[in-house]
Amino acid sequence: MYHRTRIRRTRIRLVATVAAAGICALGLTACDSGDSGDTVTDKPKAKASAGATTGEKPAAEKSATPDVAKVGDTIALKGLEDGNKLDVTVVKIADPAKSSDEFTTPGSGKRFVGVQFKLVNTGTAAYSDSPANGAKITDVDGQQFDSTFADITAGPSMSSAVRLKPGGKALGWIVFEVPKASKTDTVQFAMNSGMANQTGEWKLS
């Protein structure tokens, strides 16, 4: 049963990646988001102050916004097509993360690291993707690691096929397999299975 589930998830992941590539191949104009090349942004959105909800005048709201996004911060990202936008938040980190079943374990000399993401569709078009395909984690030595299929005890995994209407939300854990000796430094996320021009980056250490 485990092997069949893993094969099915892998097929979904491959289909999502091919579909994202097809968007560009069939519609180069639609894929031009107006940016001149790829960008990596670590600038978080300003958090709503208490005054914004109580009607009081906000005091030094801008100074409360950190220069670099960290756990708990939200980054606004754009996809390949007009109308594709997400607010992406790194909610929590589980390091090391424990597998929720006895069959899925990290390889020898490695550990699981879980990152809980929250996605909010702020665009005008529906969002459809396999979010784990667009996530990477980097250690302090610059080594990057892709996501892996694993369920952890910290909570439910992010769906491998997320579909959100404008205003819709998704919450779930994305898991990475990294060497035990590695110290994680940043985590990145990009739309369109990682093929979007804009990538968000959060500092972990």
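This text follows the structure it describes.
None of these values were measured; they are calculated from a predicted model.

A word on the pairing of strand β6 (residues 135–139). The buried fraction of β6 amounts to 4 of the 5 residues, a majority that puts the element mostly inside the structure. Of the pairings in the sheet, the one linking β6 to strand β10 (residues 184–190) comprises 5 bridges and is antiparallel in character. Pairing of Lys-136 across the sheet is with Gln-188, part of β10. Where β6 lies against strand β7 (residues 144–148), 3 bridges are found, and the strand directions are antiparallel. Within the sheet, the bridge partner assigned to Thr-138 lies in β7 and is Gln-144. The antiparallel pairing of β6 with β7 creates a hairpin that spans 4 residues between the two strands, and Gly-142 there sits at a positive phi of about 90 degrees.

Across soluble globular proteins, you tend to see nonpolar side chains buried next to one another. Core analysis: the biggest nonpolar cluster contains 27 residues, and Phe-117, Leu-119, Phe-189 and Trp-202 have the highest contact counts within it. Counting residues per element, the ones that place at least two in this core are β2 (74–78), β3 (85–97), β4 (110–121), β6, β8 (162–164), β9 (169–179) and β10. For Trp-202, the residues in contact, after removing those within four places along its chain, are Ala-69, Lys-70, Asp-73, Ile-75, Val-88, Val-90, Phe-117, Asp-185, Thr-186, Val-187, Gln-188 and Phe-189. Formed by 7 residues, the second largest nonpolar core is a distinct cluster that contains Phe-112, Ala-150, Ile-152 and Trp-173.

Here the focus is the pattern of salt bridges. Inspection of the entire model under this criterion finds 5 salt bridges. One salt bridge connects Asp-146 with Lys-136, and the closest N-O pair in it is separated by 2.5 Å. Remark: Lys-136 occurs in strand β6 and Asp-146 occurs in strand β7; sequence separation between them is 10 residues. Look at Asp-146 and you get partly exposed, because its relative accessible area is 44%.

About the criteria used
- Residues numbered from 1 in each chain as written.
- Predicted model: local features only at pLDDT ≥ 70, side-chain atom pairs only at ≥ 80, totals over all residues.
- Heavy atoms only, no water.
- Buried < 20%, exposed > 50% of the residue type's maximum accessible area, 1.4 Å probe, protein only.
- Helix = DSSP H or I, 4+ residues; strand = E, 2+ residues; numbered from the N terminus.
- Pairing = 2+ DSSP bridges.
- Core = buried A, V, L, I, M, F, W, Y, C linked by side-chain atoms within 4.5 Å.
- Contact = heavy atoms within 4.5 Å.
- Salt bridge = Lys/Arg side-chain N within 4 Å of Asp/Glu carboxyl O.

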